[in-house]
Amino acid sequence: MAILSNEPKANTGPDNSNSQPSDPQSVSSSMGAMNEVDDEQAAKSYVLKLTCPDDLGVMAKITGHLYQHGAFIINARHYADPEKLLFNMRIEFDDRQLTCSAEQFARDFAAFAEVMQMTYQLRCAKQRPKIVIMVSRDDHCLHLLLSKWQSGVLKVDISAIVSNHQSAKKIAEFYGIDFHHLPVDKANKPQQEARLWQLFSEYQADLLVLARYMQILSDDLCQKLRGRAINIHHSFLPGFKGAKPYQQAHDRGVKIIGATAHYVTEDLDEGPIIVQEVKPVDHATTVRDMIEIGHDIEATALARAVRWHVEDRILLNGHRTVVL
């Protein structure tokens, strides 16, 4: 996915750069992609998300820079963190009145970002991120993601479905998506993770979605995927981590159950939270009932988290997320 960005990213292979800023001219292929789509208005739209130190007039400086280049702002949201003194913003704009070429705009914004001590990402709104979905036996989250994708709500390219079981193969075949069976045990886990990373890199994927994938990723892989892997945990975190959370919740007599979509980190089920969904239960709700109720809210929470991520609505703010 060709984007203009100076956000740090882990290596995805020998052809990738490290965390150095991107070549501003690389955005030209992203902006040029607008000529390949039918929707003229959407094709001219771009999404900019950014974080920089907060200061007096910071919003005026950012919007003023876009105004000077004729960037027509369609939508803008921001959040200023009063504790960390960080300014977060997401802007949608189009180029109907852009006063310079895409390449020049990219160069000028890169220089502006450096002055503002800003990390940012800029992409064509019609450019579809590539995702890889991992699943084990429970496929309810997978089905909703595929439904949202097929209906056009989830604007992504699903490159592959990867599973440690064969049960999702027919689903992948039905939708015409590549399927990879990577069975995991204690003896072959390092080799299978290496193969997973190879697939992720070969597909040039932007996001790994763990749609009830029930294997724990290694610390090394979590580090490589930082900010680019989303998991759904069948519990209202931070309570009831690990295995069998519905049984834990039932044993404690909870009055609500929930699901949490979060970024994957080395700390199990403790990554930055993106979305949480809850449903009320009572003393008569069995573990089986909780599991059935949970399937709905798990799928909904994960689909919403993935959508927000691919729409560039999420900014990482330490252990928290800002959703704009």
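Just above, that's the structure.
Residues numbered from 1 in each chain as written. Predicted model: local features only at pLDDT ≥ 70, side-chain atom pairs only at ≥ 80, totals over all residues. Heavy atoms only, no water.

Engineer: Mind laying out the side chain of T321, listing which residues take part and the relevant values?
Structural biologist: Of note, T321 is situated in strand β14 (residues 320-323). Among the polar contacts listed, one links the side chain of T321 to the backbone oxygen of I273, at a separation of 2.6 Å. In contact with T321, not counting residues within four places along its chain, are Y263, P272, I273, I274, I314, L315 and L316. (Helix = DSSP H or I, 4+ residues; strand = E, 2+ residues; numbered from the N terminus. Polar contact = N/O pair within 3.5 Å; in protein donor to acceptor, adjacent residues only side chain to side chain. Contact = heavy atoms within 4.5 Å.)

Engineer: Describe in detail the sheet that holds strand β6 (residues 130-135), supporting the description with residues and values.
Structural biologist: Ordered by their spatial adjacency, seven strands build an open sheet running β8-β7-β6-β9-β10-β11-β12, and the pairing between neighbours is mixed. Two strands bound the open sheet, and with one partner strand each, they are β8 (178-181) and β12 (273-280). Here the average twist between neighbouring strands, direction ignored, is 15 degrees. Here strand β11 (residues 256-263) pairs with β12 via seven bridges, running antiparallel. Counterpart to T260 in the pairing with β12 is Q276. (Pairing = 2+ DSSP bridges. Axes fitted to C-alpha atoms, helices over the stretch in contact; angles between N-to-C directions.)

Engineer: Kindly report on the pairing of strand β3 (residues 72-81), identifying the contributing residues and their values.
Structural biologist: Bridge analysis of β3 against strand β4 (residues 86-94) gives nine bridges, and the strand direction is antiparallel. Paired with H78 across the two strands is M89, which belongs to β4.

Engineer: Quick one: what's the story with the pairing of strand β13 (residues 314-317), residue by residue and with numbers?
Structural biologist: Note: β13 against β14, four bridges, orientation antiparallel. Within β14, the position partnered with I314 by the bridge is V323.

Engineer: Please give an account of the sheet that holds strand β1 (residues 4-5) that cites residues and values.
Structural biologist: Taken together, the five strands give an open sheet; going across it, the order is β1-β5-β2-β4-β3, and neighbouring strands pair in antiparallel fashion. Two strands in the sheet have a free side with no partner beyond their single neighbour: β1 and β3. The pairing of β1 with strand β5 (residues 119-124) spans two bridges and is classified as antiparallel. Following the sheet pairing, L4 is matched in β5 by L122. The sheet strands contacting helix α3 (residues 58-68) are β2 (45-53), β3 and β4, and the helix crosses β4 at an angle near 25 degrees.

Engineer: So what about the packing of aromatic side chains? Which residues, and what values?
Structural biologist: Going through the model one piece at a time under the given rule, you end up with eight aromatic pairs. Ring plane angle 40 degrees and centroid distance 5.6 Å describe the contact between F93 and F105, whose orientation is recorded as tilted. Taken as a pair, F93 in strand β4 and F105 in helix α4 (residues 102-115) lie far apart in primary sequence, 12 residues in all. Its relative accessible area of 2% is what places F93 among the buried residues. Residue classification places F105 among the buried residues on the basis of a relative accessible area of 2%. In textbook terms, an aromatic cluster arises when at least three aromatic residues are bridged by ring pairs, as seen for Y46, F93, F105, F109, F112 and Y120. For the cation-ring pair, R96 lies above F72, with the distance from its terminal atom to the ring centre recorded as 3.7 Å. (Phe/Tyr/Trp six-rings, centres within 6.5 Å; stacked < 30°, edge-to-face > 60°. Buried < 20%, exposed > 50% of the residue type's maximum accessible area, 1.4 Å probe, protein only. Lys NZ or Arg CZ within 6 Å of the ring centre and 35° of its normal.)

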